[in-house]
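Geometric and topological summary
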6 protein chains.
Amino acid sequence: MKEIIEGFLKFRKNVFPTHEDLFKGLAHQQSPRTLFISCSDSRLVPELITQHEPGGLFVIRNAGNIVPSYGPEPGGVSASVEYAVTALQVADVVICGHSDCGAMKAIATCACMDGMPAVGSWLRYADSARIVNQARHHRSERDRIEAMVHENVIAQLANLQTHPSVRLALEEGRLTLHGWVYDIESGRMEAFDGSRRAFVSLAENPHVRATPEPLPKAM
Amino acid sequence: MKEIIEGFLKFRKNVFPTHEDLFKGLAHQQSPRTLFISCSDSRLVPELITQHEPGGLFVIRNAGNIVPSYGPEPGGVSASVEYAVTALQVADVVICGHSDCGAMKAIATCACMDGMPAVGSWLRYADSARIVNQARHHRSERDRIEAMVHENVIAQLANLQTHPSVRLALEEGRLTLHGWVYDIESGRMEAFDGSRRAFVSLAENPHVRATPEPLPKAM
Amino acid sequence: MKEIIEGFLKFRKNVFPTHEDLFKGLAHQQSPRTLFISCSDSRLVPELITQHEPGGLFVIRNAGNIVPSYGPEPGGVSASVEYAVTALQVADVVICGHSDCGAMKAIATCACMDGMPAVGSWLRYADSARIVNQARHHRSERDRIEAMVHENVIAQLANLQTHPSVRLALEEGRLTLHGWVYDIESGRMEAFDGSRRAFVSLAENPHVRATPEPLPKAM
Amino acid sequence: MKEIIEGFLKFRKNVFPTHEDLFKGLAHQQSPRTLFISCSDSRLVPELITQHEPGGLFVIRNAGNIVPSYGPEPGGVSASVEYAVTALQVADVVICGHSDCGAMKAIATCACMDGMPAVGSWLRYADSARIVNQARHHRSERDRIEAMVHENVIAQLANLQTHPSVRLALEEGRLTLHGWVYDIESGRMEAFDGSRRAFVSLAENPHVRATPEPLPKAM
Amino acid sequence: MKEIIEGFLKFRKNVFPTHEDLFKGLAHQQSPRTLFISCSDSRLVPELITQHEPGGLFVIRNAGNIVPSYGPEPGGVSASVEYAVTALQVADVVICGHSDCGAMKAIATCACMDGMPAVGSWLRYADSARIVNQARHHRSERDRIEAMVHENVIAQLANLQTHPSVRLALEEGRLTLHGWVYDIESGRMEAFDGSRRAFVSLAENPHVRATPEPLPKAM
Amino acid sequence: MKEIIEGFLKFRKNVFPTHEDLFKGLAHQQSPRTLFISCSDSRLVPELITQHEPGGLFVIRNAGNIVPSYGPEPGGVSASVEYAVTALQVADVVICGHSDCGAMKAIATCACMDGMPAVGSWLRYADSARIVNQARHHRSERDRIEAMVHENVIAQLANLQTHPSVRLALEEGRLTLHGWVYDIESGRMEAFDGSRRAFVSLAENPHVRATPEPLPKAM
Ligand SMILES: [Zn+2]
Ligand SMILES: [Zn+2]
Ligand SMILES: [Zn+2]
Ligand SMILES: [Zn+2]
Ligand SMILES: [Zn+2]
Ligand SMILES: [Zn+2]
């Protein structure tokens, strides 16, 4: 804990003064343009990899960057999505998985969850990715895990589209969804290209989206 | 979205290369010492205010930095807490609220939640703070909101202590709980001092804790 | 009740004998090719409008032809979908709404549900259609209701795609989804064309599908 | 799918024209007298075995013809029952099981449900029938399954009586409950005789009911 | 609190010594014959009104003597019923309501439950009694409340019969159900006579039961 | 059942007349000062061991004297606690466990709960005590069970403090919490001393409390 307190004191002394105007401007309002949903993993810092200052990203973080589908007992992710889309009117949602994800590893290797029942229960929201992952052949366990990370991002994008606030914003053409996978070792980012239905390099394809066009108008 | 992609490209080009060794070392493992639970609010960046590099903090972020008490249907916060405490064996948990929190403002001012039912439902996990906040006299709405932010941190600390993983770690003397409130405008941090049962300046009281001593041994 | 008993006696005497071989063949197995999900409404008889004999359609019927998204407490629709897709290996799923639907009318006109709390609760699974319906302008209440019927079919198609069994079957290319709306008065059927994202006449477009191609392969 | 489209086209061309007046009369209202609850099984077509035209039966179909008891999170069956009894004021409810039911077979033979978790979870609503079935001696597995089908109908009748709308209608003497079991091979129907507490042939006992008299008046 | 500590000291000094053998015999086992379910109300002491010593009654007490119907998330009442019927093999279950019950009064008078949301939620398990109570005419509010107390006992008897352990024990003829209403002022007890479907004086009808005969054997 | 009816008749004849005035005074109101939460176990009679007459204790009894933490689906214990604290304004809450508790024995010995699923599910609310109990060394199974009984009381005290009504009353200084363990064989009572964090003899320490001082004032 010493480290974290010292970190804060260093922030107060060295960093805060250089950002004082920024923070003053943010004191009574925020207007982030992006909702960034990623894993709790300590190695993936949303603001660092997008080089965003405070005020730029509304962030949801949980083990496995999971977005439960909408239901009668909405929890913290559903509430935070609704707040971001309805109250803050963000223009983009990024679901960002990452390499070597402990949660996805646990699913892909059928790790025994008896000692962590809450984790086991939570990971069931990735069941539709797990079942696809298990049905496929993979050359190695490493491949299986990496595939699981990607499958999970696709599954959570599907879940996200059951949320009323998201669906309305998509219908009104004011929201775009993005599915990313970050590689910790190389710093590379893959993005899901909804029109080609494949992951591609984000650096080389900066315009890909998970949902390429607004959803249909009924009638 | 342009900004976020450009941010990532800048990260790739300018930042990643200077951290290459750090990221290589983190490629296949993480060992954060602290679980940091804070609000999704864009203005509160945990790694910035604690001056931590990637790998340092396991982070949970949701609207209102809420920790539901443990129950039969554990959600994402419960799972992430369990993973941090049981699998990663973090030594400290910080619950960090902040000034001008939209979620706490909604509660303290009895904002109509009809247009955001998932938010309304989620904020019920702060009911034990809300009911205390409502029963007290406050000189102004601003005071009421600030008090709500503080009450909420105390209530979430109580909820946290119903989690089996937390209780075991407290019993074994390997976990300390912290309750903080960050002021966006001034950069000041208050910490809950469990022995005095009051919030104090963290800078002036770097050793305060929410749970000053290990919990009791039964029998 | 007299009518229904007499109906059965008539069936026994006149209809059963003419189908005896069919029923004998079905005594110990069923192998329907289609899962048909429609409203409980008495006016929409799936086997009649598809001219299918016993053994042809696996049928789910409930108020509003609703398919809750997949979650930790799966109910009857989730179970029946899973059984049809996993055990019976149906090749097609049809979600079929209909004109003058009491459930959709209740939603579109914001009918007071105090006297029918279970209905009110159930219809929340159509929230993502309702919110879109409410945000749009409609020339008349009748138009609003008809639009709601169509929106609901699209929303339930989204919900359906969060089910693990469905997602696996889509990935493996062995399942096609269909979204239909039946007009009671005219006997016309509209079908949702996923590629054009619009409803078209089924009679004139017998090949339209809600999901035109298999879902993406990750990686 | 070709078959089902062709079936619909045939319906449009040959069947609809002969029922045009019926459908016109039904365009803006339904007034079914009976709620018919049966299995999703493709071999049991409610309108066929009761020789009812469109407009005659309000139908709920799910795997196992199950009616969850009333609780704080009512699902699709509860909502549809409530709608039928409260809004449509049906005079009779029939719960109709059938021979060779896949769901009942799974319960009676303790089939492993690991591959179909949603089915496994749903069938727990038949636990009070399962536990009785398991405690009894049966001469063969076939007998055990057939007994399970019958036990299940009795259990669902008990569940049905916990629904407020049902209980009120029973108290007011405007609703009768029926429990039936249909034999696919022979076309025979058994009905539960509440006064004798046994299943009897419906053809020979057309007046039997599951609830022979209105429920008690308190005080 | 002084009173309660003094009460205990008095028990230790005066009462315990006179029951020492009884308590010694009970130290390592209990074998109560009856499960007694009553209200938390301070005025209704089960052991006093049945003149039973320690060891005689297994007791469940909650606000409103409510027994939720069996479902996928069984709570404390379901667990305690299961333990009593399955593990302890009690021979009788008594559900005992009482005059002037605060919970029933709240239901019968439609008291605003905003200040007690948990109570409001819990009382929904008496909905099937409430709906009957509301539909009937009563000469006075007092009559309405008294009728509600009686209706509630009948409704909870129906809920109780959805529990697997109860249903098995009834089938096996080793359990009898009783529905009582106790009048605090007069000390009179009414019991529900299942065969006459009415409440009668227990003193004058000591043999009445809520379930007069074992439930039916299927097939 | 004969015994219980005879018990009641004896009460009516011999006991009621000697308490007639007491009961008359209680006919239309109760004002208990204490909420007593204990196990359903037949050997622990709250009114006997505290020597309280009718009207003195508001009583919750369930298997294991468990108090679920507060959540979005409050059950019977939450409702009864809320009623006692908010409506009746009790001054003290006692959670009273006991020696040889079947529920605690089942947990401490990892008894197979397959035959009693509702009990197994309910006992998960003691998970935070179970996990501590399992991590510790105990000299004998008997010791392990006794420790479990004590751990459980501490865990339920933590759960109790997540209830809004309890937290408000603690904040306002009008409620005190007590954690007791009763020994059936010896009649001794231990009480949890919150300041020393240990169980001590209640007879020798009549003033101990689980929560020695009011909870903190925020800010
Ligand atoms: Zn991860
Ligand atoms: Zn905030
Ligand atoms: Zn309809
Ligand atoms: Zn079936
Ligand atoms: Zn009462
Ligand atoms: Zn016990």
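Residues numbered from 1 in each chain as written. Chains lettered and ligands numbered in written order. Predicted model: local features only at pLDDT ≥ 70, side-chain atom pairs only at ≥ 80, totals over all residues. Heavy atoms only, no water.

As recorded in an unreviewed UniProt entry, chain A goes by the name Carbonic anhydrase, listed as coming from Marinobacterium halophilum. Quoted straight from UniProt, the Sequence similarities (unreviewed entry) entry for chain A says "Belongs to the beta-class carbonic anhydrase family." Under Function (unreviewed entry), UniProt gives the following word-for-word description of chain A: "Reversible hydration of carbon dioxide." (UniProt positions renumbered as here; feature names shortened; annotations may be inferred.)

This part covers the overall build of chain A. Counting its regular elements, chain A contains 9 helices and 6 strands. Computed over the C-alpha atoms, the radius of gyration of chain A is 18 Å, within 12% of the 17 Å expected from 2.2 N^0.38 for a compact globule of 219 residues. Taken over the C-alpha atoms alone, chain A extends approximately 55 × 55 × 40 Å along its principal axes. The buried share of chain A, taken over its 219 residues, is 65%. Relative to all contacts within chain A whose residues are 6 or more apart in sequence, the contacts with residues 24 or more apart total 63%. Approximately 7,700 Å² of chain A is accessible, and the part contributed by carbon and sulfur atoms is 48%. (Helix = DSSP H or I, 4+ residues; strand = E, 2+ residues; numbered from the N terminus. Rg over C-alpha atoms; globule rule 2.2 N^0.38 Å. Buried < 20%, exposed > 50% of the residue type's maximum accessible area, 1.4 Å probe, protein only. Contact = heavy atoms within 4.5 Å. Areas by Shrake-Rupley, 256 points an atom, 1.4 Å probe, with all protein chains shown as cover.)

Overall, the coordinates contain 54 aromatic pairs over all chains when judged by the stated rule. Consider the rings of Phe16 of chain A and Phe23 of chain A, whose centres lie 5.2 Å apart with planes at 15 degrees: the pair is stacked. One exposure class covers both Phe16 of chain A and Phe23 of chain A, and it is buried. Each ring, one from Tyr182 of chain C and one from Phe11 of chain D, has its centre 6.4 Å from the other, and the planes form 50 degrees; the classification is tilted. Here Tyr182 of chain C is found in strand S4 (residues 176-182), whereas its partner Phe11 of chain D is found in helix H1 (residues 2-15) on a different chain. Tyr182 of chain C sits in the buried class, given a relative accessible area of 0%. The class for Phe11 of chain D is buried, based on a relative accessible area of 0%. Just above the ring of Phe16 of chain B sits the side chain of Arg12 of chain B; from NZ or CZ to the centre is 5.8 Å. (Phe/Tyr/Trp six-rings, centres within 6.5 Å; stacked < 30°, edge-to-face > 60°. Lys NZ or Arg CZ within 6 Å of the ring centre and 35° of its normal.)

Structural alignment of chain A on chain B gives an RMSD of 0.0 Å, achieved by rotating through 180 degrees and translating 0.0 Å along the axis. Given the turn and translation reported, the copies of this chain are related as if by a two-fold rotation axis. No C-alpha of chain A lies nearer the rotation axis than that of Arg61 of chain A, which sits 2.4 Å from it. Counting the interface residues of chain A, we find that 100% of their copies in chain B are interface residues as well, pointing to one common contact surface. (Least-squares fit on C-alpha atoms with pLDDT ≥ 70 in both.)

Residue-level contacts link 78 residues of chain A with 78 residues of chain B. Note on chain A versus chain B: buried area summed over both sides is about 6,900 Å², and carbon and sulfur give 64% of it. Scanning the region where chain A abuts chain B turns up 2 salt bridges. One salt bridge in this structure joins Arg61 of chain B and Glu47 of chain A, with 2.9 Å as the shortest N-O distance. At the junction of chain A with chain B, the criterion picks out 23 residue pairs in polar contact (both at pLDDT 80 or more). It is helix H1 (residues 2-15) of chain A that contributes the most residues to the side of chain A that touches chain B, 10 residues altogether. The residue makeup of the side of chain A that touches chain B, split by class, is 40 nonpolar, 24 polar and 14 charged. (Buried area = accessible area lost by both parts, 1.4 Å probe. Salt bridge = Lys/Arg side-chain N within 4 Å of Asp/Glu carboxyl O. Polar contact = N/O pair within 3.5 Å; in protein donor to acceptor, adjacent residues only side chain to side chain. Nonpolar A, V, L, I, M, F, W, Y, C, P; charged D, E, K, R; others polar.)

This next bit is on the pattern of salt bridges. Counted by the stated rule, this structure contains 78 salt bridges over all chains. The partner of Arg130 of chain A in a salt bridge is Asp127 of chain A, and the shortest N-O contact between them spans 3.1 Å. With Arg130 of chain A and Asp127 of chain A both in helix H7 (residues 127-135) and 3 residues apart, the pair spans about one turn of that helix. Under the relative-accessibility criterion, Asp127 of chain A is labelled buried at 8%. Across the pair Asp41 of chain D and Arg43 of chain D runs a salt bridge whose closest N-O atoms are separated by 2.8 Å.

All names here are of chain F. Ligation of the zinc ion (ligand 6) by protein atoms is provided by Cys39 (SG), His98 (NE2) and Cys101 (SG), these donors lying 2.1 to 2.2 Å from the ion. Read in sequence order, the donor residues coordinating the zinc ion (ligand 6) give the pattern C-x58-H-x2-C. Here Cys39, found in strand S1 (residues 34-39), pairs with His98, found in strand S3 (residues 92-98); they are 59 residues apart in sequence, far enough to count as distant. Judged by its relative accessible area of 0%, His98 is buried. (Donors = N, O, S within 2.8 Å, 3.2 Å for Na, K, Ca; no water.)

Right, let's talk about helix H9 (residues 164-171) of chain C for a bit. Here H9 of chain C lies mainly inside the structure; 8 of its 8 residues are buried. Residues of H9 of chain C that are buried include every one of Pro164, Ser165, Val166, Arg167, Leu168, Ala169, Leu170 and Glu171 of chain C, and no others. Elements in contact with the buried residues of H9 of chain C: H7 and helix H8 (141-160) of chain A together with helix H4 (76-87), helix H8 (141-160) and S4 of chain C. A positive backbone phi angle near 70 degrees is found at Gly173 of chain C, which sits one or two residues after H9 of chain C.

Here we come to the environment of Ile131 of chain B. By secondary structure assignment, the location of Ile131 of chain B is in helix H7 (residues 127-135). Along the sequence, Ile131 of chain B and Met148 of chain B sit 17 residues apart, while their C-alpha atoms lie 9.8 Å from each other.

What follows is about the pairing of strand S6 (residues 198-201) of chain B. Residue and element names in this part refer to chain B. The pairing of strand S5 (residues 189-193) with S6 spans 4 bridges and is classified as antiparallel. Its bridge partner lying in S6, Phe192 is registered against Phe199. In sequence, S5 turns back onto S6 through a hairpin of 4 residues, with Arg197 there showing a positive phi of about 55 degrees. (Pairing = 2+ DSSP bridges.)

Turning to the UniProt feature "binding site: Zn(2+)" (unreviewed entry) in chain A, a few remarks are in order. All names here are of chain A. The UniProt entry lists Cys39, Asp41, His98 and Cys101 under the feature "binding site: Zn(2+)" (unreviewed entry), expressed in the numbering used here. The greatest C-alpha distance among the annotated residues, which extend across 63 residues, is 8.8 Å, indicating that they converge on a single site. When near neighbours in sequence (up to four residues on either side) are disregarded, His98 contacts Cys39, Asp41, Arg43, Leu44, Asn65, Val149, Val181, Tyr182 and Ile184. Counting through the fold element by element, Cys101 comes out in the loop between strand S3 (92-98) and helix H5 (102-108).

Quick look at the confidence of the model for chain A now. Looking at chain A as a whole, the pLDDT averages 94, with 96% of positions reaching at least 70. For this predicted complex, the interface score ipTM comes out at 0.93, while the overall pTM is 0.94. (pLDDT = per-residue confidence, 0-100.)

So, on to the coordination of the zinc ion (ligand 1). Protein coordination at the zinc ion (ligand 1): the donors are Cys39 of chain A (SG), His98 of chain A (NE2) and Cys101 of chain A (SG), at 2.1 to 2.2 Å from the metal. Donor residues for the zinc ion (ligand 1) sit on one chain with the sequence pattern C-x58-H-x2-C.

All right, on to unusual backbone geometry then. Positive phi outside glycine occurs at Asn65 of chain C, with the angle close to 40 degrees. Relative to the helices and strands, Asn65 of chain C is located in the loop between strand S2 (57-62) and H4. Taking the relative accessible area as the measure of exposure, Asn65 of chain C reaches 2% and is therefore buried. The phi dihedral of Gln51 of chain D falls on the positive side, at around 50 degrees, and the residue is not glycine. The residue Gln51 of chain D is located in the loop between helix H3 (46-49) and strand S2 (57-62) in this model. Residue classification places Gln51 of chain D among the partly exposed residues on the basis of a relative accessible area of 25%.

With that settled, the discussion passes to the environment of Arg142 of chain F. Residues and elements named next belong to chain F. With respect to the helices and strands, the residue Arg142 is situated in helix H8 (residues 141-160). On the basis of relative accessible area, Arg142 is assigned to the exposed category, the value being 55%. The sequence separation of Arg142 and Thr109 amounts to 33 residues, and the corresponding C-alpha distance is 9.8 Å.

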